[in-house]
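Spelled out, the chains give:
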Amino acid sequence: MISESGEATRQTSEASSATRARDILKITDLHAFYGESHILHGVNMNVKEGELVTLLGRNGAGRSTTLKAIMNMVGRRSGSIVIGGKETLGMKPHHVPRLGVGYCPEERGIFASLDVHENLLLPPTVSSGGMSLDAIYAMFPNLHERRKSQGTRLSGGEQQMLAMARILRTGARILLLDEITEGLAPVIVQKLGEVLVKLKASGMTIVLVEQNFRFAAPLADRHFVMEHGEIIEEISALELAGRRQHLHSLLGV
Amino acid sequence: MTMIFGVPMAVFMGQLTLGLVNGAFYALLSLGLAVIFGLLKIVNFAHGAQYMLGAFAALLAFNYLGINYWLALVLVPLTVGGLSMLIERFLLRRIAHLDHLYGLLLTFGLALIFEGTLINFFGVSGARYATPEILQGGLNLGFMFLPTYRAWVLVAALAMCLFTWFMIERTRLGAYLRAGTENSQLMQAFGVNVPLLITLTYGFGVGLAAFAGVLAAPLYPVSPTMGSSLLIVVFAVVVIGGMGSILGAILTGLGMGVIEGLTKVYYPEAANTVIFLVMILVLMLRPAGLFGKEA
């Protein structure tokens, strides 16, 4: 009996791995704490190589904390986070990015004591194959014009471009982007959307925490909806049209 | 004789030089304190003792190992800085997650241990360290007599300050340091080994203090307590300059040395207090310091 059911499971998993790309990020029963407060209550999610997924949900649902937990930036964690086949829960924070993970924080994290060019060159290379400086400046011409300016003198939109641009140089293949459109003008949001399409086309894996559902909807392969520190719903791009009403009620928009 | 504001030119220039030399020490020491505080958020109360260790190490190395001044100028900062990295790694790192007050208490305790141990073996009277032969004597500039060693101290200290400025403001490692000072958690999320950066920074800051100590050895009696009195003035200098900028720390150090020196000429009674008066004034008018960023 046991061997039979094991056989069956193996066959299904082989079948699915043949038709789908492998999980480059797999999170299982992830709990995270800030001091005494328990923020994530058993998050389960997987992201395949080259996929763009979103984390949707209300404020305080645990979306940013999920990204921070992946980067080992929260207090205590339990469960499992496997990146590119490696368990990262026991890893030091500075070893996680070296697996090819680029993180763009919600507050953007532009350094005031560095100019734009220095900000761009700051994150160390984590693997080969990152974008060249020329290619980055071609993608974000504004940054080239203002490369001698103090990082925090840039407009909000330019700071966001810079926060994105600097992780593209490092060779990261998995991008964790936290609320990149927050508070930006529609024309900038549109530009960021174009950038994401290009990055996805180049094979990047992207996890997008977004409040702006209209921005995220056409870009993503799948959406994860979070509430109270758990993933409560997974909706693929194909299912989206039929379940839009349901999703809106979950998000309270 | 030429007079400047009613004082003979030679006296004026002599005190100005003395002030600049003292100021160079203030600059070197406050620079190290500021660099350490920036990344570790710890007020390094052992800084004066580590300056003293620099001078003592030069003295002992000469007396027992025959290591000359020039070699000591290179080896002592490396040794004292290297040993301080062990202090960071095995003591300060353990309390890094606690309130910064604990770091202050720990380094203060270390300072007392260093001083007490050396007092136990060598007493407090202090020993002389011979000025290297090539730097003995002085230059007659016509309007004043400039002791060669003081001129050398000024040049060496300023060169080291500029080197530090260059390292921090113009190199990649310096960019890590500046960025880590602002947001070390994000630096770690970029893959920078921040704990290692912290260890190196502490070693570098202490190395600057030890370098100042070797420079000071031929000028002042080398005694276990030589650092503690100096450190109080240096703290005042750091408060005046603010933590904001490297050049600010250098300029404030030199400026305060000059102000102190000139006060000796015109109102000697106030010479020991003038820096603290300036500090009070600055705290009232610009609490973040002259070069500090307003919070």
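Fair warning: this is a prediction, and the values are worked out from it, not measured in the lab.

It is not clear to me how the overall build of chain B should be interpreted in this structure. Could you clarify?
Along its length, chain B carries eleven helices and four strands. Relative to its length of 295 residues, chain B is compact, with a C-alpha radius of gyration of 19 Å against a globular reference of 19 Å. Along the three orthogonal principal directions, the C-alpha set of chain B runs to about 65 × 50 × 35 Å. Split into buried and exposed, the 295 residues of chain B put 52% on the buried side. Carbon together with sulfur atoms contributes 72% to the accessible area of chain B, which is approximately 13,500 Å² in total. Charge centroids of chain B, computed over 12 positive and 9 negative side chains, lie 8 Å from each other.

Looking at this structure, I do not really get the interface of chain A and chain B. What am I missing?
A common way to state how big an interface is: give the accessible area lost once the parts meet. The partner chain B presents 18 residues to the 23 residues of chain A that form the contact. In this assembly, chain A packs against chain B so that about 1,800 Å² is buried in total across both faces, 59% of it on carbon and sulfur atoms. Remark: the boundary between chain A and chain B carries one salt bridge. Applying the counting criterion to the chain A and chain B interface returns nine residue pairs in polar contact (both at pLDDT 80 or more). Among the elements of the structure, helix H3 (116-121) and helix H6 (156-168) of chain A are those that each provide at least two residues to the side of chain A that touches chain B. Class assignment for the residues of the side of chain A that touches chain B results in 16 nonpolar, three polar and four charged.

Honestly, the layout of surface pockets in this entry has me stumped. Any pointers?
All names here are of chain B. For the largest pocket, the calculated volume is near 830 Å³. Along the walls of the largest pocket sit 33 residues, with Arg93, Ala96, Val194, Pro195 and Ile198 positioned nearest its centre. For the lining of the largest pocket, the secondary structure elements donating two or more residues are helix H1 (9-40), helix H3 (69-92), helix H4 (100-122), helix H6 (172-182), helix H7 (184-189) and helix H8 (194-216). Ranked by residues supplied to the lining of the largest pocket, first place goes to H8 with four residues.

Just checking my understanding: could you explain the nonpolar core for this structure?
Nonpolar side chains tend to gather and get buried jointly when the protein is soluble and globular. If you look at the biggest cluster of nonpolar residues, it comprises 159 residues, and the most contacted ones within it are Leu177, Leu196 and Leu199 of chain A together with Leu215 of chain B. Discounting residues that sit within four places of it in the chain, Leu215 of chain B has contacts with Phe25, Leu28, Tyr69, Leu73, Tyr149, Trp152, Val153, Ala156 and Ala157 of chain B. Counting ten residues, the second-largest nonpolar core is a separate cluster that includes Val7, Met9, Met144 and Val265 of chain B.

Which parts of the structure should I look at to understand the sheet that holds strand S6 (residues 101-104) of chain A?
Strand-to-strand pairing in sheets goes through backbone hydrogen bonds, with the strands running parallel or antiparallel. Residues and elements named next belong to chain A. The six strands lie next to each other as S6-S7-S8-S3-S9-S10, forming an open sheet whose pairing is mixed. Each edge of the open sheet is held by one strand with a lone partner, namely S6 and strand S10 (230-236). Averaged over all pairs of adjacent strands, the angle between their axes in this sheet comes to 15 degrees, without regard to strand direction. Bridging between strand S3 (residues 52-57) and strand S8 (residues 205-209) involves four bridges; their strand directions are parallel. By the bridge assignment, Val53 is partnered in S8 with Val207.

Explain unusual backbone geometry here, please?
It is generally the case that most residues other than glycine have a negative phi and that most peptide bonds are trans. Residue and element names in this part refer to chain A. Although it is not a glycine, Asn72 sits at a positive phi angle of roughly 55 degrees. A positive phi is found at Arg108, a non-glycine position, where the angle reads about 75 degrees. The topology assignment puts Arg108 in the loop between S6 and H3. Given the relative accessible area of 14%, Arg108 is considered buried.

Would you mind going over the confidence of the model for chain A with me for this structure?
Close inspection of predicted coordinates is inappropriate in any region flagged by low pLDDT. Of all residues in chain A, 92% have pLDDT values of 70 or greater, and the mean over the chain is 88. Across residues 1-19 of chain A, where pLDDT falls below 50, the model places zero contacts with residues more than four positions away in sequence or in other chains.

In this structure, what is going on with the packing of aromatic side chains? I would like to understand it.
For any pair of aromatic rings, the description consists of the separation of the ring centres together with the inter-plane angle of the planes. A full pass over the atoms with the stated rule returns ten aromatic pairs over all chains. An aromatic cluster of at least three residues, connected via ring pairs, comprises Phe62, Tyr69, Trp70, Tyr129, Tyr149 and Trp152 of chain B. Seen from the ring of Phe33 of chain A, Arg76 of chain A lies directly overhead, with NZ or CZ sitting 4.0 Å from the centre. Stacked on the ring of Phe90 of chain B, the Lys or Arg Arg89 of chain B has its end atom at 5.2 Å from the ring centre.

Just to check I follow, could you spell out the sheet that holds strand S2 (residues 37-48) of chain A for this structure?
All names here are of chain A. Read across the open sheet, the four strands follow the order S2-S1-S4-S5; overall the sheet is antiparallel. If you trace the sheet from one side to the other, it starts and ends with S2 and strand S5 (86-87), each paired once. In the sheet, strand S1 (residues 23-34) pairs with S2 via nine bridges, with the strands oriented antiparallel. Residue pairing across strands places Leu25 opposite Val47, the latter belonging to S2. Sitting on the sheet, helix H2 (residues 63-70) touches S1, S2 and strand S4 (76-83), and the angle it makes with S1 is about 110 degrees.

Looking at this structure, I do not really get the pairing of S3 of chain A. What am I missing?
Side chains on a regular strand alternate between the two faces of the sheet. Residue and element names in this part refer to chain A. Within S3, six of the six residues are buried, which leaves the element mostly enclosed by the surrounding structure. Neither face of S3 is exposed, since Leu52, Thr54 and Leu56 on one face and Val53, Leu55 and Gly57 on the opposite face are all buried. Across five bridges, the pairing between S3 and strand S9 (residues 222-227) is parallel. Counted as the bridge partner of Gly57 is Met226 from S9.

What should I look at first to understand the pattern of salt bridges in this one?
Should their charged atoms come close, side chains of opposite charge can pair. Per the counting criterion, the structure on display carries eleven salt bridges over all chains. Between Glu169 of chain B and Arg178 of chain B there is a salt bridge whose closest N-O contact spans 3.9 Å. A residue is classified by how much of its surface remains accessible, and Arg178 of chain B, at 8% relative accessible area, is buried. Each of Glu51, Arg222 and Glu234 of chain A takes part in salt bridges that share partners, so that together they form one network.

Which parts of the structure should I look at to understand the side chain of Gln50 of chain B?
Residue and element names in this part refer to chain B. By the secondary structure assignment, Gln50 is in helix H2 (residues 47-65). Given the relative accessible area of 2%, Gln50 is considered buried. Side chain to side chain, Gln50 and Tyr202 meet in a polar contact 3.3 Å long. For Gln50, the residues in contact, after removing those within four places along its chain, are Asn44, Val80, Ser84, Tyr202, Val206, Ala209 and Ala210.

Explain the UniProt feature "transmembrane region" (unreviewed entry) in chain B to me, please; I cannot follow it from the model alone.
Mapped onto this structure's residue numbering, the UniProt feature "transmembrane region" (unreviewed entry) falls at residues 20-39, 51-67, 73-92, 104-129, 149-168, 189-217, 229-254 and 266-285 of chain B. The span residues 149-168 of chain B shows a helical share of 100% and a strand share of 0%, and its end C-alpha atoms are spaced 28 Å apart.

Looking at this structure, I do not really get the environment of Glu133 of chain B. What am I missing?
Topologically, Glu133 of chain B is positioned in the loop between H4 and strand S3 (138-140). A relative accessible area of 71% places Glu133 of chain B in the exposed class.

Each value, and the rule that gives it
Residues numbered from 1 in each chain as written. Chains lettered and ligands numbered in written order. Predicted model: local features only at pLDDT ≥ 70, side-chain atom pairs only at ≥ 80, totals over all residues. Heavy atoms only, no water. Helix = DSSP H or I, 4+ residues; strand = E, 2+ residues; numbered from the N terminus. Rg over C-alpha atoms; globule rule 2.2 N^0.38 Å. Buried < 20%, exposed > 50% of the residue type's maximum accessible area, 1.4 Å probe, protein only. Areas by Shrake-Rupley, 256 points an atom, 1.4 Å probe, with all protein chains shown as cover. Lys, Arg positive; Asp, Glu negative; His and termini not counted. Charge placed at Lys NZ, Arg CZ, Asp CG, Glu CD. Contact = heavy atoms within 4.5 Å. Buried area = accessible area lost by both parts, 1.4 Å probe. Salt bridge = Lys/Arg side-chain N within 4 Å of Asp/Glu carboxyl O. Polar contact = N/O pair within 3.5 Å; in protein donor to acceptor, adjacent residues only side chain to side chain. Nonpolar A, V, L, I, M, F, W, Y, C, P; charged D, E, K, R; others polar. 1 Å grid on protein atoms, 1.4 Å probe; cavity = no way out; pocket = protein on both sides within 12 Å on 5 of 7 lines; lining within 4 Å. Points joined across faces, edges and corners; volume = space filled by probe spheres on them. Core = buried A, V, L, I, M, F, W, Y, C linked by side-chain atoms within 4.5 Å. Pairing = 2+ DSSP bridges. Axes fitted to C-alpha atoms, helices over the stretch in contact; angles between N-to-C directions. pLDDT = per-residue confidence, 0-100. Phe/Tyr/Trp six-rings, centres within 6.5 Å; stacked < 30°, edge-to-face > 60°. Lys NZ or Arg CZ within 6 Å of the ring centre and 35° of its normal. UniProt positions renumbered as here; feature names shortened; annotations may be inferred.

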